[in-house]
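Overview (structure and organization)
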Amino acid sequence: MLAASPSSQAKVQQWAACRSRAAPPPSTALLPPPAVSGRVIVAGLSRRTVAPRPFRAVAADADPSQTSPTPQSPPLFADEEKMLASYVPVFVMLPLGVVTLENELEDAEGLRAQLRRLRDAGVDGVMVDVWWGIVEGAGPGLYEWRAYRELFRLVQAEGLKLQAIMSFHACGGNVGDAVSIPIPRWVREVGDDDPDVFYTSSAGVRNREYLTIGVDDQPLFYGRTAIQLYADFMKNFRENMADFLDSGLIVDIEVGLGPAGELRYPSYPESQGWEFPGIGQFQCYNKYLAADFKAAAAEAGHPEWELPGDAGDVNDTPEDTGFFAAEGGTYLTEQGRFFLAWYSGKLLEHGDRVLDEANRAFLGCRVKLAAKVSGIHWWYRHPSHAAELAAGYYNLDGRDGYRPVARMLSRHDGALLNFTCAEMRDSEQPEEAMSSPERLVRQALSAGWGEGVDVALENALSRYDRSGYNQMLLNARPNGARVGDGGAPPRRVAAVTYLRLSDELLAGKNFRIFRTFVRKMHADLDHCPDPARYGRPIKPLQRSGPEIPVERLLEATAPAPPLPFDTETDMSVGGGLAEAIDWVLDKIERIFG
């Protein structure tokens, strides 16, 4: 049964520790909001929280017999203490449908067994999508957290930490999407009446995976703007998960900022026929973004400028188009440069504003905020970087498209830059794609470190082979893990999240290699449950810094040489000989079961 939120007096007392430090509502945004247009459906919506049972029971709803005590680190020798400076925590992403569309935890006992195996392998924690379409699916302002509370208790009982993704996008239609979870029905119904609330290609094709950033300030959703929808969801999460926040279970809040939870435009959706290595398409042809562009062009003294009409189709190559052609492409003209600066700038503004709301929602909680940036590695070696430009990353050989993102993140108490495709090697890519995942990862990590923000890594595709793991180890510690007497601690990422938990990962050879991978990420040390011991203390979230002027963001586009990376990791999970041993062990397992 759906019910209103109980009174604050009925909530567990310990929640107040995190909740009491929430920030007041914002007084200003990154940029002044545009004039409101469109219809207001309902004003003055009352926020309600679904509560199927009294909240006074949550402090005792975990079975003590199922709760694992917090593990304690054993004392270390001096050399081991030094190696803690190279320790990289490993998280594993849970299945996309671990909470079903019906808001039920899928196979809790089976999941418990899987989590126990991860814990025994030394894994530090897990990552989970908290789907907007599930939690607020019953109606505007109706939040149902029951299944996620059950999941979080299960993770806590197994002694693991948690990275929670505020997933404001739909699942389904992207690479690796195994289930379909749309955004809330009542939001889609607004889109049925006004399809321009969705991203739109030049051909008029709508993408219903994520609301267009053109409606960030439009009160079209029962009196609320898109930004307010996201802010209310995060505030309600904090209120209803405060016991887990206070206990230290939740260590990261990754804020979904676009399709697949990434800060980008939905330029290459598989659901609309995209195939690798198609360049994708610009996604700014709905009436809200089109009007914004025309206003910006008029202010710049060029009211005659229009959105690009020569950027091709989703599966074109750069040379199939007028816009991305290496010689004389529109992207090199004054009008093309203006468009790309506007297109990428709107994305930065959106990310900055949603992260500012996240900072307010979780202010004072012992968590780090994070934002995911997509590793769009195809056409990286083409002069136009066409696929990156279509996704909103204005990155060229003479212009850094990732350092402005890192600079924006730096103002939100050093929010993490989480980057993908960490497992990929250039040699694995087809030559015709002009791809370079290695150079791209190097650039993105250098951008983050150069701006003083922590970076984290994910693999883009599920991999179980030693080559993929070794590449992730190299990127996680690009200059190795060995530290001599008096030497500086090695550069390392804040965390690595492996995609994704499955029966295949936990089977035979795959799990043996994975266990070795975790051990190597931990610098050959046992699991360390205290981040402070390996130099990553989790502090109360501080208020975001002052807004960064556009001029300072533009300064960050000046290209800088990437930091030096070794060619191979010094903590390999093995190569050819290890593969031969795997073959023998597999034979033995098949024979003896």
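Presented here is an overview of the structure given in this document.

Criteria and thresholds
Residues numbered from 1 in each chain as written. Predicted model: local features only at pLDDT ≥ 70, side-chain atom pairs only at ≥ 80, totals over all residues. Heavy atoms only, no water. Helix = DSSP H or I, 4+ residues; strand = E, 2+ residues; numbered from the N terminus. Buried < 20%, exposed > 50% of the residue type's maximum accessible area, 1.4 Å probe, protein only. Contact = heavy atoms within 4.5 Å. Areas by Shrake-Rupley, 256 points an atom, 1.4 Å probe, with all protein chains shown as cover. Core = buried A, V, L, I, M, F, W, Y, C linked by side-chain atoms within 4.5 Å. Axes fitted to C-alpha atoms, helices over the stretch in contact; angles between N-to-C directions. Parallel < 35°, antiparallel > 145°, perpendicular 65-115°, else oblique. Left-handed = near helix turned anticlockwise from the far one by under 90°. Nonpolar A, V, L, I, M, F, W, Y, C, P; charged D, E, K, R; others polar. Patch = residues over 30% accessible without salt bridge, like charges linked within 9 Å, V, L, I, M, F, W, Y side chains within 5 Å. Salt bridge = Lys/Arg side-chain N within 4 Å of Asp/Glu carboxyl O.

Side note on the overall build of the protein
- When you go through the protein residue by residue, the secondary structure sums to 17 helices and twelve strands.
- The buried share among the 593 residues of the protein stands at 55%.
- In the protein, the share of contacts with a sequence separation of at least 24, taken over all contacts with a separation of at least 6, comes to 80%.
- When the accessible area of the protein is evaluated, it comes to approximately 23200 Å², of which 54% is carbon and sulfur surface.

Quick word on the nonpolar core
- F152 and I250 are the most contacted members of the largest nonpolar core, which totals 154 residues.
- Ranked by residue count, the leading element in this core is helix α10 (residues 334-361), at ten residues.
- Sequence-distant contacts of F152, that is, excluding residues within four places in its chain, are made with V128, V130, L162, F237, M241, F244, L249 and I250.
- If you look at the next biggest cluster of nonpolar residues, it comprises nine residues, including A523, L525, Y534 and M571.

So, the packing of helix α9 (residues 287-299) against α10
- In the contact formed by α9 and α10, the axes pass within 11 Å of each other and the chain directions differ by 130°. With respect to each other, α9 and α10 are oriented oblique. Once α9 is placed against α10, the crossing between them reads as right-handed. Note on element contacts: α10 touches α9 through F338, F339, W342 and K346, opposite L289, D292, F293, A296 and A297.
- Classifying every residue of the contact of α9 with α10 by side-chain character gives seven nonpolar, no polar and two charged.

Observations concerning the environment of G414
- Looking at the secondary structure, you find G414 in the loop between α12 (403-410) and β10 (416-419).
- Residue classification places G414 among the buried positions, given a relative accessible area of 16%.
- Put simply, G414 and V453 are 39 residues apart on the chain and 5.2 Å apart in space, counted from C-alpha to C-alpha.
- What G414 contacts, discounting residues up to four positions off in sequence, is K368 and L409.

Description of a nonpolar patch on the surface
- The grouping of L577, I581, W583, V584, L585, I588, I591 and F592 at the surface amounts to a nonpolar patch, some 880 Å² of accessible area in total.
- With respect to the helices, strands and loops of the structure, L577 is situated in helix α17 (residues 576-592).
- A relative accessible area of 68% places L577 in the exposed class.

Details of unusual backbone geometry
- Residue P277 is bonded to the preceding F276 through a cis peptide linkage, with omega at 5°.
- Mapped onto the elements of the fold, P277 is located in the loop between β8 (250-255) and α9.
- Residue R500 is reached from L499 by a cis peptide bond, and omega for that bond is 0°.
- Locating R500 in the fold gives a position in the loop between β12 (495-498) and α15 (508-521).
- Phi at D413 takes a positive value of approximately 55°, unusual for a residue other than glycine.

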